[in-house]
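Single-letter residue listing:
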Amino acid sequence: FGNPNFARYLVFQPERHYSDPDTTTRLWHDMHTGKWWWNTQKDLQDNGAENATIVSIIISTDQTQLTQFKDKVAYPVYLTIGNLPKEIRRKPSTQSQILLAYLPVHKLSHETNDHARRRMKANIFHMCMKFLLDPIIEPGLNGIPMRTGSGQVHNCHPIFAMHIGDYPEQCLVTCVKQKQCPTCLARKEQLGDCNDNWITNPPLYDLDEVLKAIKDPDHKDWPTRCQNAGIKPIFDPYWKDLPYVDPFLSVAPDILL
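A short tour of the structure in this document, coming up. (Residues numbered from 1 in each chain as written. Predicted model: local features only at pLDDT ≥ 70, side-chain atom pairs only at ≥ 80, totals over all residues. Heavy atoms only, no water.)

**A word on the overall build of the protein chain**
Secondary structure summary: the protein chain contains seven helices and nine strands in total. Since a compact globule built from 257 residues should have a radius of gyration of about 18 Å, the 20 Å found for the protein chain is in line with a globular shape. The dimensions of the protein chain, computed from C-alpha atoms along their principal axes, are 55 × 50 × 35 Å. Looking at the protein chain as a whole, 41% of its 257 residues qualify as buried. Partitioning the contacts of the protein chain with sequence separation of at least 6, the portion at a separation of at least 24 is 54%. Summed over all atoms, the accessible surface of the protein chain reaches about 15300 Å², with 54% contributed by carbon and sulfur. Charge separation in the protein chain, taken as the distance between the mean sites of 28 positive and 29 negative side-chain charges, equals 6 Å. (Helix = DSSP H or I, 4+ residues; strand = E, 2+ residues; numbered from the N terminus. Rg over C-alpha atoms; globule rule 2.2 N^0.38 Å. Buried < 20%, exposed > 50% of the residue type's maximum accessible area, 1.4 Å probe, protein only. Contact = heavy atoms within 4.5 Å. Areas by Shrake-Rupley, 256 points an atom, 1.4 Å probe, with all protein chains shown as cover. Lys, Arg positive; Asp, Glu negative; His and termini not counted. Charge placed at Lys NZ, Arg CZ, Asp CG, Glu CD.)

**Here's the deal with the sheet that holds strand β7 (residues 98–102)**
Taking strand neighbours across the sheet as the criterion, the five strands line up as β7-β6-β3-β9-β8 in an open arrangement whose pairing is mixed. The two strands at the open ends of the sheet, each matched to only one other strand, are β7 and β8 (144–147). Each strand axis lies, on average, 45° off the axis of its neighbour in the sheet, ignoring direction. With respect to the sheet, helix α1 (residues 35–46) is in contact with β3 (52–61) and β9 (153–164), its orientation differing from that of β3 by roughly 130°. Sheet strands touched by helix α3 (residues 114–133): β3, β6 (76–81), β7 and β9. Its angle to β9, the strand with the most contacts, is close to 165°. (Pairing = 2+ DSSP bridges. Axes fitted to C-alpha atoms, helices over the stretch in contact; angles between N-to-C directions.)

**So, unusual backbone geometry**
In most cases, non-glycine residues show a negative phi, while peptide bonds are predominantly trans. One non-glycine residue, Asn51, lies in the positive phi region at around 55°. One can find Asn51 in the loop between α1 and β3. For Asn51, a relative accessible area of 69% translates into the label exposed. The backbone phi angle of Lys179 is positive, close to 70°, even though this residue is not glycine. Within the fold, Lys179 resides in the loop between α5 (167–174) and α6 (207–213).

**Some details on a nonpolar patch on the surface**
On the surface, Tyr78, Leu99 and Tyr102 cluster together into a nonpolar patch covering about 320 Å² of accessible area. Assignment of secondary structure puts Tyr78 in strand β6. (Patch = residues over 30% accessible without salt bridge, like charges linked within 9 Å, V, L, I, M, F, W, Y side chains within 5 Å. Salt bridge = Lys/Arg side-chain N within 4 Å of Asp/Glu carboxyl O.)

**Considerations on the nonpolar core**
In globular proteins that are soluble, nonpolar side chains generally tend to be buried together. Residues Tyr238, Trp239 and Leu242 are the most contacted members of the largest nonpolar core, which totals 44 residues. Listed by contribution, the elements that provide at least two residues to this core are β3, β6, α3, β9, α5, α6 and α7 (222–229). Sorting elements by how many residues they give to this core places α3 first, with five residues. (Core = buried A, V, L, I, M, F, W, Y, C linked by side-chain atoms within 4.5 Å.)

**Observations regarding the state of the cysteines**
Two cysteines, two sulfur atoms, one covalent bond between them: this is a disulfide. Scanning the entire structure with this criterion turns up zero disulfides. Take Cys184: it sits in no disulfide, and the sulfur closest to it among the cysteines is that of Cys181, at 3.5 Å. (Disulfide = S-S within 2.5 Å.)

**As for α5**
Across the eight residues that make up α5, a large majority, seven, are buried. Those residues of α5 that sit buried are Tyr167, Glu169, Gln170, Cys171, Leu172, Val173 and Thr174. Packed against the buried residues of α5 are β3, α3 and β9. Directly after α5, the chain includes Cys175, whose backbone phi takes a positive value near 70°.

**Comments concerning the side chain of Thr80**
Following the sequence through the fold, Thr80 ends up in strand β6. The buried category is assigned to Thr80, whose relative accessible area is 3%. At 2.8 Å, the side chain of Thr80 and the backbone oxygen of Ser96 are in polar contact. Setting aside anything within four residues of it in sequence, one finds Thr80 in contact with Ser56, Ile57, Ile58, Arg89, Ser96 and Gln97. (Polar contact = N/O pair within 3.5 Å; in protein donor to acceptor, adjacent residues only side chain to side chain.)

**A word on the packing of aromatic side chains**
Within the structure shown, the criterion is met by seven aromatic pairs. For the pair Tyr205 and Phe248, a centre-to-centre distance of 4.6 Å together with 25° between the ring planes defines the contact as stacked. Highlighted residues: Tyr205 in the loop between α5 and α6 and Phe248 in the segment after α7, separated in sequence by 43 residues. An identical accessibility class is assigned to Tyr205 and Phe248; each is buried. On the basis of an interplanar angle of 20° and a centroid distance of 5.1 Å, the ring pair of Trp222 and Phe235 is categorised as stacked. Residue Trp222 is located in helix α7, and its partner Phe235 is located in the segment after α7; the two are separated by 13 residues in the primary sequence. Since its relative accessible area comes to 4%, Trp222 is described here as buried. (Phe/Tyr/Trp six-rings, centres within 6.5 Å; stacked < 30°, edge-to-face > 60°.)

Here it is as structure tokens:
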């Protein structure tokens with residue numbers, strides 16, 4: 001946000017773009033032209049945050065095989081902001097992505113039960129991501145003064161907007177099972193058949209129901225509640241306490257799926 005090289009490109013507020021002078025055909029081509037930024041800006045204003053500037057946090061992860069020798073693997077976490085136009089964000093040469101952390105990739109071979117090992121890995125992932133993103137909770141709610149590269153000071157609210165990853169990581173982020181849709185309640189046999197028919201275009205996950213289900217993990221019916229909500233029993237999903245976040249709307253489609 002404060003890089004002088006990006007100062008003239010930064011976007012500070014949502015916009016609506018249209019392809020015709022009658023403003024009947026809307027264009028969707030970057031984060032600041034979408035509904036999420038408009039809706040979040042309205043929520044901030046309704047909560048008394050006047051003149052708020054959203055700094056949309058975009059996280060991307062990709063577990064990477066480095067070598068076949070001794071099976072070397074890295075799990076980097078990258079961060080960028082949606083205030084930068086996508087023409088800049090997507091170019092590695094602009095250095096608009098920063099390396100935030102490396103996640104642990106331990107195989108947990110001491111655990112012989114495959115189901116338990118997968119569950120442990122999922123909980124470790126969310127614990128690490130929670131550690132990384134917890135610092136934006138308070139400024140996301142109350143704002144923090146931030147200076148751009150041109151010297152302007154804005155009342156910024158850094159808010160988690162998107163987690164970019166392939167399909168397995170989308171399932172990991174949203175806590176849904178493999179072979180399920182990470183955004184809606186489609187059954188396995190419905191995947192790939194969504195259309196305008198409501199029967200084959202199921203509703204999205206209900207975030208309020210999911211948050212209710214994951215409360216009180218020590219209760220005996222906690223796994224059942226999670227299953228009824230359509231998610232795996234993860235103790236502390238990293239997005240649980242982040243403000244203005246719906247994880248089921250924060251994953252981008254996997255175009256290779």
